[in-house]
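This is what each chain is made of:
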Amino acid sequence: MHCDGGIGEVTGVHGILLPRGHESLKPGGEDEQQGRWFRHDEPSVLSYIGELQPAVVGRIEAMTRHYRIDFRKTTNSAYWMNHCAACGMKQGDFGLYCEPGGPFSPLDGWAASRVVLHMFPEPFNARANTAYGDFFFENMRRA
Ligand SMILES: [Zn+2]
C-alpha cells in the first residue's frame, strides 16, 4: 500500500486476524457485574491492538520490525501499528483495517488474495477493536 507520508512509495503492512471460533468479552452493563464471553462464528480483523503476550510479540518480531507498538497522538494511545519500511512513518490503523477496500478489508477475492496468512498456535488475547464482515477470507493465501 502507499505510505501515509510518501509520494507513490509502497510498503508492506501487517495485521492480526482471529479465526472463527474466537471469543470476545462484552463488558458488563449496569445489571451485570461481570462481562460475558461471546463466541464468534466468523473471523475478525483486529485494529488498535494493545499489549500482546511475549510469545506473540516474538512471532511478530521474527517476521518484521515495521509492525510494533507505538504511541499515536491523534488517538492519544499506544497500540500495535505499521511503520513504512522506507521512511519509518506511522501508518494509521483506520485506513488499513477499518476502511472498506483497505488492505485488510478487501472488497473482492482478488484483493483478498494479496493477503498472506501465517497461523500462530500460541494462545492470544488482547484489548482491540474487532471488525466482522465478508472479507473474502477464503481467498487469502496460507503461508
Ligand atoms: Zn514512507
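Everything that follows concerns the structure shown earlier in this document.
Asks: Sorry if this is basic, but what is going on with the environment of Asn82 here?
Replies: As for its position among the elements, Asn82 is in strand β6 (residues 77–83). Note: C-alpha distance between Asn82 and Gly21 (61 residues apart in sequence) is 26 Å. Excluding its chain neighbours within four sequence positions, the residues that come into contact with Asn82 are Val13, His14, His66, Tyr67, Gln91 and Leu96.

Asks: Teacher, can you tell me more about the nonpolar core here?
Replies: In this structure, Val45, Leu46, Ile49, Tyr79 and Trp80 are the most contacted members of the largest nonpolar core, which totals 17 residues. When residues of this core are assigned to their parent elements, the largest contribution, three residues, is made by β6.

Asks: I'm lost on the sheet that holds β6 in this one. Help?
Replies: Note on sheets: strands pair through backbone hydrogen bonds, and any given pair is parallel or antiparallel. Spatially, the three strands line up as an open sheet ordered β5-β6-β7, and their pairing is antiparallel. At either margin of the open sheet sits one strand with a lone partner, and together these are β5 (67–72) and β7 (90–91). Where β5 meets β6, six bridges bridge the pair, whose relative direction is antiparallel. Pairing of Asp70 across the sheet is with Tyr79, part of β6.

Asks: It is not clear to me how the pairing of strand β4 (residues 44–47) should be interpreted in this structure. Could you clarify?
Replies: Two faces belong to every sheet, and in a regular strand the side chains alternate between them. Neither face of β4 is open: one carries Ser44 and Leu46, the other Val45 and Ser47, and all of them are buried. Bridge count for strand β1 (residues 17–18) against β4 is two bridges, and the pairing is antiparallel. Within β4, the residue paired with Leu17 across the bridge is Val45. Where β4 lies against strand β9 (residues 129–131), three bridges are found, and the strand directions are antiparallel. Bridged to Ser47 within β9 is Asn129.

Asks: Honestly, the sheet that holds β9 in this entry has me stumped. Any pointers?
Replies: Across the sheet, three strands lie side by side as β1-β4-β9; this open sheet has antiparallel pairing. In this open sheet, the two edge strands, each paired with only one partner strand, are β1 and β9.

Asks: Looking at this model, I keep getting lost on unusual backbone geometry. Mind explaining?
Replies: Both trends apply: most residues other than glycine have a negative phi, and most peptide bonds are in trans. Notably, Asn76 is not glycine yet its phi reads approximately 55°, a positive angle. Residue classification places Asn76 among the exposed residues on the basis of 7 C-beta atoms within 10 Å. Despite not being glycine, Phe136 shows a phi value in the positive range, around 55°. By the secondary structure assignment, Phe136 is in the loop between β9 and β10 (141–142). C-beta crowding within 10 Å serves as the criterion here: with 17 such atoms nearby, Phe136 is assigned to the partly exposed category.

What counts and what doesn't
- Residues numbered from 1 in each chain as written.
- Predicted model: local features only at pLDDT ≥ 70, side-chain atom pairs only at ≥ 80, totals over all residues.
- Helix = DSSP H or I, 4+ residues; strand = E, 2+ residues; numbered from the N terminus.
- Contact = placed C-beta atoms within 7 Å.
- Core = buried A, V, L, I, M, F, W, Y, C linked by C-beta atoms within 7 Å.
- Buried ≥ 20, exposed ≤ 12 C-beta atoms within 10 Å, placed from the backbone.
- Pairing = 2+ DSSP bridges.

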